[in-house]
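Residue-level structural notes
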Amino acid sequence: MLQINTGKLYARGVGRTNQLRGVLYSNLALCYGHDVATAAGTLRETDGMRGNRAIVYEIEERIEEAEVGPGFLISHTIGPFLTDFAALATFGLRAIVSPDPAVVDRLTSKSPGLASYDPPSKFIRRYFDERLALQEIEIAPFKVFVDQLLALDRRHFLAAMRAIRTFVTALHRMRDDLALAYTLFVSAVESLAQEFDGYTTSWRDVDERKRVPVDRALAKASKRTGDAVREAILGSEHASLSRRYRAFVLHHVDRDYFRAPDLIAGAAIARHELGEALRQAYVLRSRYVHNVRQLPDAITLSDGDREATEVDRRPVLSFQGLVRLTHHVITAFISNGPTTTYEPYNYTREQAGVVMVPLAPEMWVGMPLMSAKQARQRLEGHLEQLVPVLMNTPNATVTDLRPIFPDMARLAKSCAKRERSQLLTLYALFARLIPKQDHSAKLDALIEQHMDVIGAPSSEALVARTIFGMLEAWSLDVHREALEQYIVARVTPSGLQAPRILEAAMCLALAERFRVARRYKEAREWIGFAVEACPGHQAIRDLEERFSYRKRVDWQNALMPRLALRRASSTSEVLR
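The rules behind the values
Residues numbered from 1 in each chain as written. Predicted model: local features only at pLDDT ≥ 70, side-chain atom pairs only at ≥ 80, totals over all residues. Heavy atoms only, no water. Helix = DSSP H or I, 4+ residues; strand = E, 2+ residues; numbered from the N terminus. Rg over C-alpha atoms; globule rule 2.2 N^0.38 Å. Buried < 20%, exposed > 50% of the residue type's maximum accessible area, 1.4 Å probe, protein only. Contact = heavy atoms within 4.5 Å. Pairing = 2+ DSSP bridges. Axes fitted to C-alpha atoms, helices over the stretch in contact; angles between N-to-C directions. Core = buried A, V, L, I, M, F, W, Y, C linked by side-chain atoms within 4.5 Å. 1 Å grid on protein atoms, 1.4 Å probe; cavity = no way out; pocket = protein on both sides within 12 Å on 5 of 7 lines; lining within 4 Å. Points joined across faces, edges and corners; volume = space filled by probe spheres on them. Salt bridge = Lys/Arg side-chain N within 4 Å of Asp/Glu carboxyl O.

This brings us to the overall build of the protein. When you go through the protein residue by residue, the secondary structure sums to 24 helices and nine strands. A compact globule built from 576 residues would reach a C-alpha radius of gyration of about 25 Å, whereas the protein, at 32 Å, exceeds it by more than 25%. By principal-axis analysis of the C-alpha atoms, the protein measures approximately 85 × 70 × 55 Å. The burial tally for the protein puts 48% of its 576 residues in the buried class. Within the protein, contacts between residues at least 6 apart in sequence are counted, and of these 71% link residues at least 24 apart.

Taken together, five strands build an open sheet; the order of strands is 3-4-5-1-6 and the sheet is antiparallel. The sheet terminates laterally at strand 3 (36-38) and strand 6 (97-98), the two strands that pair on one side only. By the bridge criterion, two bridges tie strand 1 (residues 14-26) to strand 6 in an arrangement that is antiparallel. Residue pairing in the sheet places Tyr25 in a bridge with Ser98 of strand 6. In the packing of helix 1 (residues 79-93) onto the sheet, the strands contacted are strand 1, strand 3, strand 4 (41-45), strand 5 (54-64) and strand 6, and the crossing angle to strand 1 comes to about 55°.

Okay, the nonpolar core next. Judged by nonpolar contacts, the single largest core of 94 residues is most densely connected at Tyr57, Ile124, Ile164, Tyr182, Phe185, Phe319 and Ile330. The greatest single-element share of this core, amounting to twelve residues, is contributed by helix 5 (residues 178-196). When sequence neighbours within four positions are dropped, the list of residues in contact with Ile330 reads Phe91, Ala163, Ile164, Phe167, Ala188, Val189 and Leu192. Counting 72 residues, the second largest nonpolar core, distinct from the first, contains Phe405, Ala461, Ala509 and Leu543.

As a volume, the largest pocket reaches approximately 1300 Å³. If you go around the largest pocket, you meet 41 residues; those closest to its centre are Arg94, Arg324, His327, His328 and Thr331. Among the elements of the structure, helix 1, helix 3 (136-151), helix 8 (241-252) and helix 11 (319-336) are those that each provide at least two residues to the lining of the largest pocket. In terms of residues, the lining of the largest pocket owes the most to one element, helix 11, which gives ten residues.

Turning our eyes to something else, we now look at the pairing of strand 5. Burial within strand 5 is extensive, with nine of its eleven residues counted as buried. Where strand 1 meets strand 5, eleven bridges bridge the pair, whose relative direction is antiparallel. Across the sheet, residue Thr17 finds its bridge partner in strand 5, namely Arg62.

Let's shift gears to the pairing of strand 4. Bridge count between strand 3 and strand 4: three bridges; the pairing is antiparallel. Looking across to strand 4, one finds that Ala37 is bridged to Thr42. As judged from the four bridges shared by strand 4 and strand 5, these two strands associate in the antiparallel manner. If you follow Leu43 over to strand 5, its bridge partner there is Tyr57.

Looking now at the pattern of salt bridges. Enumeration over the complete set of coordinates arrives at 28 salt bridges. We note a salt bridge from Glu58 to Arg21, for which the minimum N-O separation is 2.9 Å. Linking Glu58 in strand 5 with Arg21 in strand 1, this pair joins segments that are 37 residues apart in sequence. Exposure remark for Glu58: the relative accessible area of 17% places this residue in the buried category. A residue is classified by how much of its surface remains accessible, and Arg21, at 59% relative accessible area, is exposed. Between Arg552 and Asp554 there is a salt bridge, with the nearest N and O atoms lying 3.2 Å from each other. A residue is classified by how much of its surface remains accessible, and Arg552, at 42% relative accessible area, is partly exposed. By sharing partners, the salt bridges in this structure join Asp477, Arg480, Glu484, Arg519 and Glu522 into a single network.

As structure tokens, this is what we get:
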């Protein structure tokens, strides 16, 4: 929100402004009479003489000129700005700043937390001190930091904010779980490395267990052949995440890192130790992520000054060392990143309070079809409406698709087989709900022409045959394979996803065929699959509990009574 508020992303300029004010809490004691004024807002002191942790935060909210049309935005309110600026202030001023006073009290308490017998202040200098007097000379660098952050192009800004928030979250976890905090500090930089490192895998990066056998096999091959094989392997080889993390950090560690004025002789990490210490940091991160392994005792024994310790004779970053290093790398990333003064950008989804949810099918399923690629989505939307109708759900209805019959006919003539099958299946399902005279002659002819393709085993054919009661046209094994393929494909980008009740019905229909074939074990298995496809549905559980090889699996009456009538519903019954 802070970069959006600068106006650099607005295509139409600033339309209105609001003066917002809120309260943050911190262990910072602001300089008397010296406000911390930045491009992202201003911090003003309160009655610090009484030990009050409250700090006033003020910002001028800038809202883009509204487009011509209904609706307008009055204000985002102060909430999202408080949250974002608290993260910036925590990172940039190296203190605890939060909209919640309890967070500040908890983290600056001298009592031990759940993570250790020592409070967080014993592991990291400054951040967790009970009271921090902000020096006047610290204000100007913070302003520069905020200016550099807001000046970044949008992509780099979003990445930097993710890293800063992860860094701050890690600080907040220091009282609860030291291993999680350590992992988050590593992840803060790792998130930048994976997106912006530009790392290119070389042959030496390939795992030795793969690289050495390949080199041996190519020993007698020509150089041209050997290079071609290695290049082909590298084309699908992913660089080690650990190696990329180390390379990114080392790239951003300059000579000044080892010459910072506040370093303590004998406690700061040496350059020759840094590479191995980064390797071990990533190992500890991976052990926690994959095995929830705790940190070695050498790290959890508090020592707020030393930046590295030893584990099995190898240098390992302490919390103090990891925090200083992570802070330095993120700051260097921001100061060296590409900047813009004007970058029109669609920030709608990135505003506070904006969430994306799918629209109900009635909002879009009947809209004009522009491309055959929309066929699967329209079919899924129609099924979502159709199933409640077949279940006799009160007030259930389907959208009238007759207005888009011409679109369906036009697209079905020239599109790919799968899309044609989906379009014609959509038409066939809807056509059973309307009078014969309202059918499309062109679409009826296309169904006759392409019946061999439409009826062949596929996800859409399985759905249609289940609803129409035409599964006997397939052999039992073909039917089973079609359902198994549907289950595998439904999670793929091109897979069809039917409503859960219909998926359970497809399993029960197959179970009934197995029962008729006297393959009772498989019948029970597929009834079990139906129960697990729609957990909690009592009618399906009843079918499982009352299963008998002598009794038909009557899934139509149990799930979709309208199908049990074996007649097409009239227009008045379905459409409204």
